[in-house]
Amino acid sequence: MELAPVRHDWTHAEVKALFEMPFNDLLFKAASVHRANFNPNEVQISTLLSIKTGACPEDCKYCPQSGHYRTDLERERLIEVEKVVEQARLAKQKGATRFCMGAAWSDPKDRDMPYISQMVKEVKELGLETCMTLGKLTNEKAHELRDAGLDYYNHNLDTSPEYYEQIISTRTFEDRLNTIDHVRDAGMKVCSGGIVGMGEQASDRFGLLMQLANLPQQPESVPINMLVKVKGTPLENVDDLDHFEFIRTIATARIMMPHSYVRLSAGRNAMNEQMQSMCFFAGANSIFYGDKLLTTENPDADADMNLIKKLGMNPEKRHDYSDEAVEASLSSQVADKATSELFYEA
């Protein structure tokens, strides 16, 4: 039973009051909301793969994939469907329940859609949830992805409407809201969050969470990223965000969006075990698992599992398989077993 109903009418003053609560009181409130709506000792595991890297026409100041900046990133074309499925199979073996695919595009072109749809279909046949982030979507393309079986679409708001133009000039805040509307209209779930530590004020962190919580339907998944500073991007020398401020952001997100998965996302490489544990206590219940998040470093997968075990937590299991997904998953396991019997362990 939840502590309070989901609200879509948060005010800036109310969010500010939450953020500025005594730290112990804020964490207690967030943990209470978390326990009322989720198993506090489970964490949802997602894996993120870059299916097309670099040369993005957008000018997001945090992103090494932008074609506007000179970074050490090597550009890559859209990868083959077979390679995506291979990576998805490995992710599932390591405990992931959701496989996310990201392409450095302003928006997917018509010529790309058949390949994208095929990726979705084949990854779903493994019994995994599917998520994609491909940039802006038209209503037609959102329905096309839905018809392919896509479960989630990621489209972050990034920051508050007031600070947005300081970070991106090639896409408007309204463009982002429109894409989320198209995703909802198509019947898919929304993954949308933002990035903190980009030089914004605390009021911008309030504004970001207020925008997310006040959407007509709150996102099912809310990734909270801490900026990963990359040489060659305009934000490479921005001041580090205080870690307590980040934990406050996680806790406030949990209180405002009680039914959403709050994902501890980019920036975990700079967080020690104690900080990550405090984020879990404050209501984070999802992580990206694997050595890379698109192009930036992520904690070693074994280190993540060791921490989860140390905390007495467990990876969340999927409980909502359709009959088709279960059948496909079982068939895949049978095929994998038959293949494995052709080899021996060295």
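None of these values were measured; they are calculated from a predicted model.

Once that is clear, we can look at the overall build of the chain. Of the regular secondary structure elements, the chain holds 11 helices and 12 strands. Expressed as a percentage of the 346 residues in the chain, the buried residues total 55%. Within the chain, contacts between residues at least 6 apart in sequence are counted, and of these 75% link residues at least 24 apart. Roughly 16,400 Å² of accessible area belongs to the chain as shown, and the carbon and sulfur atoms make up 50% of that amount.

Before going further, it helps to spend a moment on the packing of helix α2 (residues 23-37) against helix α9 (residues 273-281). Two measures define how a pair of helices packs: the angle their axes make with one another and the distance between the axes. Running from N to C, α2 and α9 cross one another at 60°; their axes reach a closest spacing of 8 Å. One finds that α2 runs oblique with respect to α9. Packed against α2, whose contacting residues are Phe23, Leu27, Ala31 and His34, the element α9 presents Met278, Phe280 and Phe281 at the interface. Among the residues forming the contact of α2 with α9, the class breakdown is six nonpolar, one polar and no charged.

For the rest of this paragraph, the subject is the pairing of strand β2 (residues 98-103). Counting buried positions along β2 gives six out of six residues, so the element sits mostly inside the fold. Alternating positions in β2 separate into two faces, Arg98, Cys100 and Gly102 on one and Phe99, Met101 and Ala103 on the other, with burial throughout. As defined by bridge partners, strand β1 (residues 42-52) adjoins β2 across six bridges and the pair is classed as parallel. Paired with serine 50 across the bridge in β2 is glycine 102. Inspection of the sheet shows β2 paired to strand β3 (residues 129-133) by five bridges, in the parallel sense.

Per-residue pLDDT for the chain has a mean of 82; in total, 82% of the residues score no lower than 70. Residue range residues 292-296 is modelled with pLDDT below 50. Its contacts to residues more than four positions away, or to other chains, number 20 contacts. pLDDT under 50 marks residues 320-346. Its contacts with residues more than four places away, or in other chains, come to 15 contacts.

The rules behind the values
Residues numbered from 1 in each chain as written. Predicted model: local features only at pLDDT ≥ 70, side-chain atom pairs only at ≥ 80, totals over all residues. Heavy atoms only, no water. Helix = DSSP H or I, 4+ residues; strand = E, 2+ residues; numbered from the N terminus. Buried < 20%, exposed > 50% of the residue type's maximum accessible area, 1.4 Å probe, protein only. Contact = heavy atoms within 4.5 Å. Areas by Shrake-Rupley, 256 points an atom, 1.4 Å probe, with all protein chains shown as cover. Axes fitted to C-alpha atoms, helices over the stretch in contact; angles between N-to-C directions. Parallel < 35°, antiparallel > 145°, perpendicular 65-115°, else oblique. Nonpolar A, V, L, I, M, F, W, Y, C, P; charged D, E, K, R; others polar. Pairing = 2+ DSSP bridges. pLDDT = per-residue confidence, 0-100.

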